[in-house]
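# Topology and contacts: notes
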Amino acid sequence: MRITLIYPAVGCKPGEPYVKAWQMQPLAMAVLAGMMPADVEVRFYDDRLEAIPFDEPTDLVAISVETFTALRAYRIARQFRARGVPVVLGGYHVTLIPDEALGEADAIVVGDAEAVWHQVLDDARQRQLGARRRQLSGVYRGSPRRTLDGIRTRREIFEGKSYQNITLIESARGCNFRCDFCSITAYHGASQSHRPASEVAAEMRATGSRRFFIVDDNIVSQPEMARQLCRELIPLGVNWVGQASIHIAQDERLLELLVQSGCRGVLIGMESIDPDNLERMGKSWNLAACDYRESLRRFRKHGLAVYGTFVFGYDNDDQQVVRRSVEFAREEQLFLAAFNHLVPFPGTPLYDRLAREGRLLTEKWWLDEEGRVGDVVFRPHKVEPRELEQLCLDARRQFYSWSSIGGRLLDWQANARNPLMLGIYLALNVQSHFDIDLRQGLRLGLALRGEPRYEPLPV
Ligand code: B12
Ligand code: SF4
């Protein structure tokens with residue numbers, strides 16, 4: 001049997017390259033490939049980097065769908081189905097609103113693939129044989145798993161593709177917090193499952209890489225598990241970055257352990273400098289231990305670079321909050337920062353609240369042919385949607401201006417702590433400077449190579 005795996009692009013701007021910083025190895029594809037028996041021939045296409053050969057013979061197409069890629073994914077699915085090839089869809093968006101995806105596929109996988117992928121393959125084979133037994137169709141529900149042991153990733157599928165020079169690896173899925181805008185907690189239900197730390201270390205060794213991005217949504221959601229992982233990683237002598245919540249600044253011994261294990265930087269969801277906004281999004285615990293400046297001082301003290309992410313569009317946000325946030329990020333010499341407007345992802349409490357309050361400008365904004373990355377799709381309280389878009393864009397431009405890049409570089413504790421960090425700091429900040437315009441206005445699902453216009457199916 002031949003199976004084609006596809007990771008769709010968010011969209012494109014004709015004639016322009018795809019956002020550089022987004023071009024990382026899509027790990028879910030390697031995890032799926034790792035579950036294929038030896039007699040299955042696997043091909044993988046990354047829509048962001050290469051053309052999809054729709055006419056290449058294949059027996060099943062499996063596409064990963066996120067909300068920003070849903071329109072593009074459905075377009076691709078239609079191309080294959082029109083050629084008589086069955087399509088299975090899975091991933092975040094499919095799990096959060098399965099009914100929509102089911103209309104676009106022969107089958108969907110809701111949740112993690114591991115528990116059901118063998119069944120999908122069996123049923124696809126029956127279909128191929130034209131057997132009367134159960135054939136590939138409908139919904140396959142991946143049951144929640146408490147431990148993630150035995151995951152085998154097949155990274156050979158990435159060979160020959162020009163990804164960012166960092167190896168993605170996971171040690172856990174989910175997070176124990178419940179921020180109202182977050183797809184992670186909507187998908188995993190405020191829980192976190194872990195891989196055995198020894199398996200993570202073994203996989204790191206096997207890749208031969210020295211630079212990792214541990215993609216866990218919150219590496220310190222369960223501090224004891226984080227400690228176990230760090231202890232396993234210390235002997236490897238690798239460098240890694242990950243995502244963490246700021247409350248970990250309370251635990252300086254864990255910060256120290258993170259650094260010993262090779263952690264060089266953490267992405268921190270700071271979200272807002274306004275306590276009322278934090279309260280509203282269910283993240284007031286961000287300030288529970290100490291204020292942001294004190295927390296950041298502790299990260300710096302241990303030499304950890306911080307990538308701070310901010311979100312604008314909560315009810316207290318106006319021009320002043322945005323301005324003060326950028327000032328704060330510059331004064332604190334953050335290594336990197338993201339200034340995004342709030343995005344109501346389907347399946348989250350935020351989406352439901354905005355829908356109830358009649359504040360969504362387009363209900364299924366992710367299927368809007370005219371939709372673009374950077375569009376605000378709801379009505380904020382204190383500013384107009386278009387104004388909020390501009391405020392976010394201005395914030396990025398200020399933060400990644402040459403003067404800001406130069407000013408933030410003068411942090412000898414973290415950003416310019418040694419020549420390696422300085423080099424990475426410069427490379428990523430310069431890349432972010434140029435990525436601002438590349439990602440702004442990227443047309444969602446835009447037909448890349450003359451495919452037909454997408455029309456939603458009748459309900
Ligand atoms: C690493 C990462 C990135 C990296 C690179 C990703 C890449 N592929 O190139 C960077 C930082 C660049 C990035 C960028 C973005 N990301 Co991102 N990213 C992640 C992160 C943290 C890890 C992804 C991962 O490797 N997971 C590990 C794999 C094994 O797990 P998985 O994807 O869940 O897959 C399992 C199941 O979902 C399922 N499955 C998945 N696909 C399929 C397909 C089939 C056919 C089947 C059967 C099953 C299946 O089976 C898998 C195994 O069980 C996730 C959060 C997360 N934990 O997943 C966010 C996440 C996917 N990103 C998200 C977003 C929004 C983005 C951006 C749009 C952000 C932005 N505005 O800048 C961009 C878009 C980039 C792009 N696609 O081109 C959102 C998506 C939300 C949603 N509702 O769709 C997530 C969930 C984060 C979040 N906090 O909400 N991202
Ligand atoms: S801490 Fe981060 S990953 Fe966890 S629920 Fe909040 S936003 Fe999501």
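The following refers to the structure shown. (Residues numbered from 1 in each chain as written. Chains lettered and ligands numbered in written order. Predicted model: local features only at pLDDT ≥ 70, side-chain atom pairs only at ≥ 80, totals over all residues. Heavy atoms only, no water.)

### Regarding helix H5 (residues 117–129)
Look at H5: 19 Å from first C-alpha to last across 13 residues, which is about the 18 Å you get at 1.5 Å a residue. Every buried residue of H5 is accounted for by Trp 117, Val 120, Leu 121, Asp 123, Ala 124 and Gln 126. Tucked inside the fold, the buried residues of H5 contact strand E1 (2–7), helix H1 (27–34), strand E4 (60–64), strand E5 (87–90), strand E6 (107–110) and strand E7 (138–141). At the exit of H5 stands Gly 130, carrying a positive phi of roughly 70 degrees. (Helix = DSSP H or I, 4+ residues; strand = E, 2+ residues; numbered from the N terminus. Expected span 1.5 Å × (residues − 1). Buried < 20%, exposed > 50% of the residue type's maximum accessible area, 1.4 Å probe, protein only. Contact = heavy atoms within 4.5 Å.)

### Concerning the site of ligand 1
Looking at ligand 1, there are 40 residues lining it, with Tyr 18, Ser 64, Thr 67, Glu 114 and Asp 217 nearest. In the environment of ligand 1, an oxygen atom lies 2.8 Å from a nitrogen or oxygen atom belonging to the backbone of Thr 67. Taking Tyr 187, its side chain carries an N or O atom lying 3.0 Å from an oxygen atom of ligand 1. Those elements that provide at least two residues to the shell around ligand 1 are H1, E4, E5 and helix H6 (183–188). If one sorts the elements of the shell around ligand 1 by residue count, H1 sits on top with four residues. Residue classes in the shell around ligand 1 are distributed as 25 nonpolar, seven polar and eight charged. Residue-level mapping places the shell around ligand 1 at the junction of two domains, with at least three residues from each of domain 1 (2–141) and domain 2 (165–342 + 380–417). (Near = heavy atom within 4 Å. Polar contact = N/O pair within 3.5 Å; in protein donor to acceptor, adjacent residues only side chain to side chain. Nonpolar A, V, L, I, M, F, W, Y, C, P; charged D, E, K, R; others polar. Domains from an automatic or database assignment.)

### Points about the pattern of salt bridges
Under the defined criterion, the tally for this structure stands at 36 salt bridges. In this structure, the salt-bridge partner of Glu 331 is Arg 293, at a minimum N-O distance of 2.9 Å. Of this pair, Glu 331 sits in helix H12 (residues 319–331) while Arg 293 sits in helix H11 (residues 292–301), and the two are 38 residues apart along the sequence. For the salt bridge of Arg 323 with Glu 327, the shortest nitrogen-to-oxygen distance reads 2.8 Å. Of this pair, Arg 323 and Glu 327 both sit in helix H12, four residues apart, roughly one helical turn. Of the residues examined, Arg 323 reaches a relative accessible area of 41% and is grouped as partly exposed. Here the salt bridges do not stand alone but share partners, grouping Asp 180, Asp 315, Arg 353, Glu 357 and Arg 359 into one network. (Salt bridge = Lys/Arg side-chain N within 4 Å of Asp/Glu carboxyl O.)

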